[in-house]
Amino acid sequence: MKNFLKLQFIVFIAFLVSCANNDENPPVFPEGSTESVNLWVQDSMKRYYYWADQMPAKPDYRLPVKDFFKSLLSSQDRFSFIVNTDDPSSYPRSIRNMYGFDYTIVQLANGEVVTVVKLVLQNSPAFNAGLERGMILTKINGKTLTAANAEVLASTIKDQTVIDLTVGKWKNGAVADEKNITVYYGYSFEQPVLSKIFEKNGKKIGYLYIYDFPDGMTTVLYQKFAEFKTAGVQELILDLRYNYGGSVSSAAALCSLIPSGISSGSPFIIFKGNKNGGEVKRTFAQQIAYDPKALDFNTLHANALSLAKVYILTSNSTASAAEIVINNLKPYLQVIQIGDTTLGKDMAGFTIEDKRKPKKISWQIHPVVYKVFNTNGVGGYSAGISPQVYVNEYAALPLQPLGDADETLISAVLNGSYFKTANTDIKILYQSDVPSAAMGR
């Protein structure tokens, strides 16, 4: 549940009971009825929703709340959602969120189809059960996993609280050492920031794997960049390949530590909303300060590396605040993106809920409120941000641990040994954490 809340860019709880209804004769419904909740949802969306002008004029207030909410959404909207805080089953579910891992089905050059475990969260149920990145997943609950049944099986997993996996290791071009693992639904703890320092051709290259951008991470970033600066790091690799996003303030803090020539007053981001939200511009210092737990810009900037370029590793799972890092660094230094096209969440939002005491409405709205742009006014990457160098993460099996110098994407930077997607016959058929629509782009 906590991870889903991190999908929002800006952590802000709006006190909103109901907004003014612009209708000449607004409907009146009994308090506590489904219709009254739906009217509150509609009023809230009229005020804040980015596509408010596209909402239907006369929606059906009799619909169940979730269905009513969906009826208001623009066809361009892939990300807004609503939850009932009194009903945990109403929250969006994912395999990563529930069990702490993700996988990809790939077709190898010889036509063989294998399922690769690509991510296992630290201290997650999957981690504690012995699942490891690079393992080959052959069966789920006794059923052989294929590209044809992948979506059905993934959907089934989300409706369960315990799953049985058959996994093996990739050795000499085949699956070996198969065993069964039982994974129970449970909580995954906050993920650590992984850092390494590589030496190549007389240069020290810093590496940071950042899983997400929670509020309050400036202290960790401050410490990591202090280590880099003390060690004399001259180049930097940011690994954002599985980063869904989170706090824009934490993303701004990271960006403030990389390029040269910026100050607290340097512009960082532009938010553009509907006719009510207008346009909001924030500097690095202003956006960082939006997180009340953050270290201030000047304190952070003392450890800035002042680089002229940065390497950023991405995949189809790189989203929201992670994409802001890519796009909003570009006005200040050379960004060399390696990997695959990002998800394309070029928007931000905040949470809307009833803060009355006692609370009368238990529903919580997570709408798209703004489109986001860098200081040059560049945004509009709903189709994703494409890398300069396409590198297929699965070009060399087994997958190496994140942070390993021989891992495919890291090696692409360190050695220039690019496994370009265009030059391989390896195809990605399904990813457990990427919507099918994104796979088809």
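None of the values given here were measured: they were computed from a predicted structure.

The rules behind the values
- Residues numbered from 1 in each chain as written.
- Predicted model: local features only at pLDDT ≥ 70, side-chain atom pairs only at ≥ 80, totals over all residues.
- Heavy atoms only, no water.
- Helix = DSSP H or I, 4+ residues; strand = E, 2+ residues; numbered from the N terminus.
- Buried < 20%, exposed > 50% of the residue type's maximum accessible area, 1.4 Å probe, protein only.
- Polar contact = N/O pair within 3.5 Å; in protein donor to acceptor, adjacent residues only side chain to side chain.
- Contact = heavy atoms within 4.5 Å.
- Pairing = 2+ DSSP bridges.
- Axes fitted to C-alpha atoms, helices over the stretch in contact; angles between N-to-C directions.
- Lys, Arg positive; Asp, Glu negative; His and termini not counted.
- Salt bridge = Lys/Arg side-chain N within 4 Å of Asp/Glu carboxyl O.

(A) Looking closely at the side chain of Ser249. Structurally, Ser249 can be placed in helix α8 (residues 248-256). Classification of Ser249 by relative accessible area gives buried; the value is 4%. A polar contact is formed between the side chain of Ser249 and the backbone oxygen of Gln287, at a distance of 2.6 Å. When near neighbours in sequence (up to four residues on either side) are disregarded, Ser249 contacts Asp215, Gln287, Ile288, Tyr290 and Asp291.

(B) Region of interest: the sheet that holds strand β16 (residues 347-348). What the 4 strands build is an open sheet, ordered β13-β12-β19-β16; its pairing is antiparallel. In this open sheet, the two edge strands, each paired with only one partner strand, are β13 (279-283) and β16. Relative to β13, strand β12 (residues 267-272) is paired through 5 bridges, and the arrangement is antiparallel. Bridge pairing in β13 links Ile269 to Arg282. Against the sheet, helix α11 (residues 321-329) makes contact with β12 and β19 (370-373), and its axis sits at roughly 120 degrees relative to β12, the strand it touches most.

(C) Expanded view of unusual backbone geometry. The residue after Lys357, namely Pro358, is reached through a cis peptide bond having omega 0 degrees. Along the polypeptide, Pro358 turns up in the loop between β17 (351-353) and β18 (363-366). In this structure, Asn123 takes a positive phi of about 55 degrees despite not being glycine. Residue placement: Asn123 occurs in the loop between β4 (113-120) and α5 (125-128). Not every positive phi belongs to a glycine, and Asn141 is a case in point at roughly 50 degrees. Secondary-structure assignment places Asn141 in the loop between β5 (136-140) and β6 (143-144).

(D) How the structure looks around the side chain of Arg282. Its place among the elements puts Arg282 in strand β13. Buried and without a salt bridge, Arg282 has Asp215 as its closest oppositely charged side chain, separated by 11 Å. There is a polar contact of 3.1 Å between the side chain of Arg282 and the side chain of Gln287. If near-sequence neighbours (up to four positions away) are discounted, Arg282 is found in contact with Pro267, Phe268, Ile269, Phe271, Gln287 and Tyr290.

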